[in-house]
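Observations on chain architecture
This is what each chain is made of:
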Amino acid sequence: MNKLIPSLALVALTFALHGAGARAATPPALLPAALTIHIKDFKFNPTPAKIHVGDRVTFVNDDDEPHTVTAADKSYDSEGLDTSNTWQHVYSKPGTYKYFCELHPYMKAVVVVTPAPAQ
Amino acid sequence: MRRKDFIEHVGWTGAGIAWSLSATGLLGAQRAEAASPFSFVQISDSHIGFTRPENPDVAGTLRKTIEDINALPNQPAFVVHTGDVTHLSKTTEFDDAKQLLGTLRAPLIVLPGEHDVIGSSKNFFANFARTDAPSGWFSFDQGGIHFVSLVNVFNFEIDGKLGQEQIDFVEKDLAAQKKSTPIVVFGHVPLYALYPEWGWTTEDGTKVLALLRRFDAVTVLNGHIHQIIQHTEGNIRFATAAATAYPQPAPGTAAKPGPLKVPDDKLLSVLGYRSVELATGGGTKVTDRALG
């Protein structure tokens, strides 16, 4: 019988979360990032963005419409970012990374990743 | 158009005799039992999960839409939802949408919009898959009409693209149809170049439109742009539908597409659904109905 308690608690938690509807959840804490790319007026800014290997980039949706940050080669995907949502990605290899918004595919941008500077 | 303006409609018997009914509805009441004309309903762009001020209660406006459809004296043969059922393809959004749409009295057909397949089409297929359409597109015959239901939101990097596999399906499917058969096509994104600057077009839509030109009467119904726009090219009539969630600006009238805020007491007048009937002469009669 006691085994039911965690299940019921989970159901109650699920109901509570679901009952909250689609209200914005508490956003995850942001880790320090080398660069922030803003999504505003259906554009990624800046582009091309220039960073070094290992840098973390924060993407922020400043638009009224949801957007995604989706790699052209599909190697990463933020999935849906609603207004004010953020998403972070670490670029671990040098290269030129093309990405776009899956919801508005004419929104295209580039991140250029160069080797880390000598210490 | 306001609801009170939608009373007039067309009925007919199996022999094809049509009556224009008066606003009193008296003749309609008498003939409804005898005729029961074939009709279906289109709804679109419900965006369950959307919470912004343009419509903080999209579930409520979808519920109102469903109540209005369920109250129609002649129930439609089916209701087709032409996509963007959800806002962000989340599991909870699909759960809520499916629960609401499950209260329709008429059978339901659902096409995906790009908001239903963010990251993956898995959630969409889990909730609205058809066993006869593993790829998402399909055709069927009902009420003397040949229906073709298309998907133009599956291709990464190009919104509104059908792809060769789907175009081949349409070519083979239409080849078996008579020229006089009324054709109705469903899609989410407009099949023609309505406003490419905002992505309101299907890149390879012209290939399907070329296949449709030999038919006497074709009707293409879609959503995506959250407003009613009718357009005709020869024998092909295009009609985009109002949303059940929120309106968007008319093409080119704003810096960008997106939710359009209207006064709260005007919102229901720009949301709605449409009834479609087979008209005399083989075409369709499309009647858009506002929620308020």
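Residues numbered from 1 in each chain as written. Chains lettered and ligands numbered in written order. Predicted model: local features only at pLDDT ≥ 70, side-chain atom pairs only at ≥ 80, totals over all residues.

1. Things to note about the overall build of chain B
- Across its full length, chain B holds six helices and 13 strands.
- Looking at the 292 residues of chain B, the share that counts as buried comes to 41%. (Helix = DSSP H or I, 4+ residues; strand = E, 2+ residues; numbered from the N terminus. Buried ≥ 20, exposed ≤ 12 C-beta atoms within 10 Å, placed from the backbone.)

2. Concerning the sheet that holds strand E4 (residues 56-61) of chain A
All names here are of chain A.
- Read across the open sheet, the four strands follow the order E2-E1-E4-E6; overall the sheet is mixed. For this open sheet the edge positions go to strand E2 (43-45) and strand E6 (86-90), each flanked by a neighbour on one side alone. Adjacent strand axes in the sheet meet at a mean angle of 20° when their direction is disregarded.
- When strand E1 (residues 35-40) meets E4, the two strands line up parallel, connected through five bridges. (Pairing = 2+ DSSP bridges. Axes fitted to C-alpha atoms, helices over the stretch in contact; angles between N-to-C directions.)

3. Examining the interface of chain A and chain B
- Listed as interface residues are 22 residues of chain A and, on the opposing side, 21 residues of chain B.
- Across the side of chain A that touches chain B, the residue classes tally to eight nonpolar, five polar and nine charged. (Contact = placed C-beta atoms within 7 Å. Nonpolar A, V, L, I, M, F, W, Y, C, P; charged D, E, K, R; others polar.)

4. Section: the sheet that holds strand E10 (residues 229-233) of chain B
All names here are of chain B.
- A sheet is described by the order of its strands in space; here six strands give the open sequence E6-E7-E8-E9-E11-E10, paired in mixed fashion. Edge positions in the sheet fall to strand E6 (138-142) and E10, since each of these pairs with one other strand and no more. Averaged over all adjacent pairs, the angle separating strand axes in this sheet is 20°, with direction ignored.
- Sheet analysis places E6 next to strand E7 (residues 145-149), joined by five bridges and oriented antiparallel. For phenylalanine 138, the partnering residue across the bridge sits in E7 and is serine 149.

5. Examining unusual backbone geometry
- Omega for the bond connecting A:Asn45 with A:Pro46 falls within 30 degrees of zero, at 5°, which places this linkage in the cis form.
- One can find A:Pro46 in the loop between E2 and strand E3 (49-52).
- Note the cis peptide between A:Thr47 and A:Pro48, where omega equals -5°.
- Within the element layout of this structure, A:Pro48 appears in the loop between E2 and E3.
- Even without being a glycine, A:Phe42 presents a positive backbone phi close to 65°.
- A tally of 19 C-beta atoms within 10 Å means that A:Phe42 is categorised as partly exposed.
- Phi angles above zero are rare outside glycine, and B:Asp84 is one such case at about 60°.
- Tracing the backbone shows B:Asp84 in the loop between strand E4 (79-81) and helix H3 (91-101).

6. Here we look at the pairing of strand E12 (residues 272-278) of chain B
All names here are of chain B.
- Pairing between strand E3 (residues 39-43) and E12: four bridges, direction antiparallel. Of the residues in E12, the one forming a bridge with glutamine 42 is arginine 274.
- Direction of pairing for E12 relative to strand E13 (residues 284-290): antiparallel, over a ladder of seven bridges. Bridge assignment links arginine 274 to a residue of E13, and that residue is aspartate 288.

7. Overview of the nonpolar core
- Judged by nonpolar contacts, the single largest core of 77 residues is most densely connected at A:Val57, A:Val111, B:Val79, B:Leu150, B:Val185 and B:Phe186.
- Here this core takes five residues from helix H2 (residues 58-70) of chain B, the largest share from any one element.
- If we ignore the near neighbours within four places in the chain, the residues touching B:Phe186 are B:Val80, B:Thr82, B:Leu111, B:Phe147, B:Ser149, B:Leu150 and B:Leu221. (Core = buried A, V, L, I, M, F, W, Y, C linked by C-beta atoms within 7 Å.)

8. Some points on H2(B)
- With 13 residues, H2(B) extends 18 Å between its outermost C-alpha atoms, agreeing within 8% with the 18 Å of an ideal straight helix rising 1.5 Å per residue.
- Looking at the buried side of H2(B), the elements it contacts are E3, E4, H3 and E12 of chain B. (Expected span 1.5 Å × (residues − 1).)

9. Examining the confidence of the model for chain B
- Of the residues in chain B, 86% reach a pLDDT of 70 or more, and the chain-wide mean stands at 87.
- Note that residues 1-34 of chain B has pLDDT below 50 and, in this model, 43 contacts with residues that lie over four places away or in other chains. (pLDDT = per-residue confidence, 0-100.)

10. Section: the packing of helix H5 (residues 164-175) of chain B against helix H6 (residues 205-212) of chain B
Residue and element names in this part refer to chain B.
- Interhelical geometry of H5 versus H6 gives an angle of 5° and a closest axis separation of 10 Å. With respect to H6, the axis of H5 lies roughly parallel. Of H6, the residues touching H5 (which contributes Ile167, Val170, Glu171 and Leu174) are Lys207, Val208 and Leu211.
- In the contact of H5 with H6, the residues fall into five nonpolar, no polar and two charged. (Parallel < 35°, antiparallel > 145°, perpendicular 65-115°, else oblique.)

11. Some points on the pairing of strand E11 (residues 236-240) of chain B
All names here are of chain B.
- In this sheet, E11 lies alongside strand E9 (residues 218-222) in parallel orientation, the contact comprising five bridges. Directly across from threonine 219, in E11, lies its bridge partner arginine 237.
- Examined bridge by bridge, E10 and E11 share five bridges and lie antiparallel to one another. Note that in E11 the partner of glutamine 230 across the bridge is alanine 239.
- In textbook terms, the turn of a hairpin is the stretch between consecutive antiparallel strands, and for E10 and E11 this stretch comprises two residues, one of which, glycine 234, has a positive phi near 60°.

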